[in-house]
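# Residue-level structural notes
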Amino acid sequence: MPLNKACVGREFPPITTNVTLDAIQNYARAYNDDNPAFFDQSRPGGIVAPPMFGVTVSWDAVMKVAMVPDLHADLLRLVHGEQDMEFPNPIRPGDVVTAAAKIISIETKATGETMTVELNAANQKGQPVQKTLFIAFIRGARNREAASSEPRAIEPDRGEPIFSVAQTIDKDQTYRYAEASGDRNPIHVDENIAKMAGLPGIIVHGLCTMAFTSKVAIDNLCAGDPTRLKRLRVRFSRPVLPGQTITTKIWADGDKDGRKVFAYETFNPDGHAVIKGGIAEVAP
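Please read these numbers as outputs of a predicted model, since none were measured by experiment.

Definitions and limits used
- Residues numbered from 1 in each chain as written.
- Predicted model: local features only at pLDDT ≥ 70, side-chain atom pairs only at ≥ 80, totals over all residues.
- Heavy atoms only, no water.
- Core = buried A, V, L, I, M, F, W, Y, C linked by side-chain atoms within 4.5 Å.
- Buried < 20%, exposed > 50% of the residue type's maximum accessible area, 1.4 Å probe, protein only.
- Helix = DSSP H or I, 4+ residues; strand = E, 2+ residues; numbered from the N terminus.
- Contact = heavy atoms within 4.5 Å.
- 1 Å grid on protein atoms, 1.4 Å probe; cavity = no way out; pocket = protein on both sides within 12 Å on 5 of 7 lines; lining within 4 Å.
- Points joined across faces, edges and corners; volume = space filled by probe spheres on them.
- Nonpolar A, V, L, I, M, F, W, Y, C, P; charged D, E, K, R; others polar.
- Pairing = 2+ DSSP bridges.
- Axes fitted to C-alpha atoms, helices over the stretch in contact; angles between N-to-C directions.
- Parallel < 35°, antiparallel > 145°, perpendicular 65-115°, else oblique.
- Left-handed = near helix turned anticlockwise from the far one by under 90°.
- Patch = residues over 30% accessible without salt bridge, like charges linked within 9 Å, V, L, I, M, F, W, Y side chains within 5 Å.
- Areas by Shrake-Rupley, 256 points an atom, 1.4 Å probe, with all protein chains shown as cover.
- Salt bridge = Lys/Arg side-chain N within 4 Å of Asp/Glu carboxyl O.

## Focus on the nonpolar core
Counting residues in each nonpolar core, the largest one holds 68 residues, and the members touching the most others are Tyr27, Met52, Leu71 and Leu229. It is helix H6 (residues 206-221) that contributes the most residues to this core, nine residues altogether. Beyond its immediate stretch of four places on either side in the chain, tyrosine 27 contacts Pro50, Met52, Phe53, Val55, Thr56, Tyr177, Ala180, Ser181, Leu207 and Ala211.

Here it is in structure tokens:
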């Protein structure tokens, strides 16, 4: 049964999260980030949350959308296609963050359907802390004709990257990330269920891989200051497996609204892209 396009425009009740220091630091540790901004209470300005921590305050809002009966979302066929996140203000320990979801589009493709959910989160002062576009792909019937009719994006030849950073995913990464993020989808923690879903085994959360790339951006483009990272956008193109080493390559891509813009892609050990179309926007 296809997704119910009558659900486009539907808004969902907000979900409120009390942000704790433990939750912030557990999230940072879940993707191996030891940035002092997340741990050193004596630093000027105090502790801030990793930019990607916002997924923890909006995850329940995403799940509320996916579980609506009349949407007709088949969760066994749903995969995370893209994520586009803006970080207007940092989240801090003690914040009370309210996140609300809205379905803004449902589109039919040759190989399935896409659904875009907009998530807006604000703190107790009414300051926006995150705006997210969560794009899900619901796989349809696959056949040669359908696959060939779907146009493929051509990645530009950007030349040599300005940075190339390798990171190794720990064997237990998915268990730690599931606990810290709230995303306990069994394909990330249960070998048997992952194989039942047609996967080679447990796969790393796409948002965990994205968090690893956020560390690359903050360390190399923001001089270690996470508040300078204002946007991160990715397209998930291939799963990452625990124990693999991923390599992120970054290219300068001009300016936008006073920010430096960078393009990036992330590759697995075989040289296949696991993230395509990556964009990072950095404030001065």
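## Considerations on the layout of surface pockets
Here the idea is plain: a probe the size of a water molecule rolls over the atoms and shows the empty space left. What the second largest pocket holds in volume is close to 180 Å³. Residue lining of the second largest pocket: 13 residues in total, with Thr17, Thr56, Ala180, Ser181 and Gly182 positioned closest to the centre. Secondary-structure elements contributing two or more residues to the lining of the second largest pocket are strand S1 (15-18), helix H2 (54-66) and helix H4 (173-181). In terms of residue class, the lining of the second largest pocket is built from five nonpolar, six polar and two charged.

## Description of empty space enclosed by the protein
Taken as a whole, this structure holds five cavities of 30 Å³ or more when the rule is applied. The calculated volume of the largest cavity comes to roughly 110 Å³. Taken together, 14 residues make up the lining of the largest cavity; nearest its centre are Pro51, Phe87, Asn89, Pro90 and Ile91. Here the residues of the lining of the largest cavity sort into ten nonpolar, three polar and one charged.

## A short note on the environment of alanine 178
Relative to the elements of secondary structure, alanine 178 occurs in helix H4. The spatial distance from the C-alpha of alanine 178 to the C-alpha of threonine 17 is 17 Å, given a sequence separation of 161 residues.

## Remarks on the pairing of strand S7 (residues 229-236)
Burial analysis of S7 places six of its eight residues in the buried class, which makes it a mostly covered element. Bridging between strand S2 (residues 78-86) and S7 involves five bridges; their strand directions are antiparallel. When the sheet's bridge partners are listed, glutamine 83 is paired in S7 with valine 234. Looking at chain direction, S7 and strand S10 (residues 273-282) are connected through six bridges and run antiparallel. Its bridge partner being in S10, arginine 231 is matched across the sheet by glutamate 281.

## Side note on the environment of threonine 16
Mapped onto the elements of the fold, threonine 16 is located in strand S1. Residue classification places threonine 16 among the partly exposed positions, given a relative accessible area of 48%. Separated by 81 residues in sequence, threonine 16 and valine 97 have C-alpha atoms that sit 5.6 Å apart. The contact partners of threonine 16, leaving out residues within four places of it in the chain, are Val96, Val97 and Thr98.

## Overview of the packing of helix H1 (residues 21-30) against H4
For the pair H1 and H4, the least separation of the axes is 8 Å and the interaxial angle reads 155°. Classified by the interaxial angle, the pair formed by H1 and H4 is roughly antiparallel. Crossing angle aside, the handedness with which H1 passes H4 is left-handed. Contacts between H1 and H4 involve Asn26, Tyr27, Arg29 and Ala30 from the first element and Gln173, Arg176, Tyr177, Ala180 and Ser181 from the second. Residues that form the contact of H1 with H4 fall into these classes: four nonpolar, three polar and two charged.

## Some points on the pairing of S2
Of the strand pairs in this sheet, S2 and strand S5 (residues 128-139) are connected by eight bridges, and their pairing is antiparallel. Across the sheet, glutamine 83 pairs through a bridge with phenylalanine 134, a residue of S5.

## Let's talk about a nonpolar patch on the surface
A surface patch of nonpolar side chains, amounting to about 270 Å² of accessible area, comprises Met63, Met67 and Leu75. Among the structural elements, methionine 67 can be located in the loop between H2 and S2.

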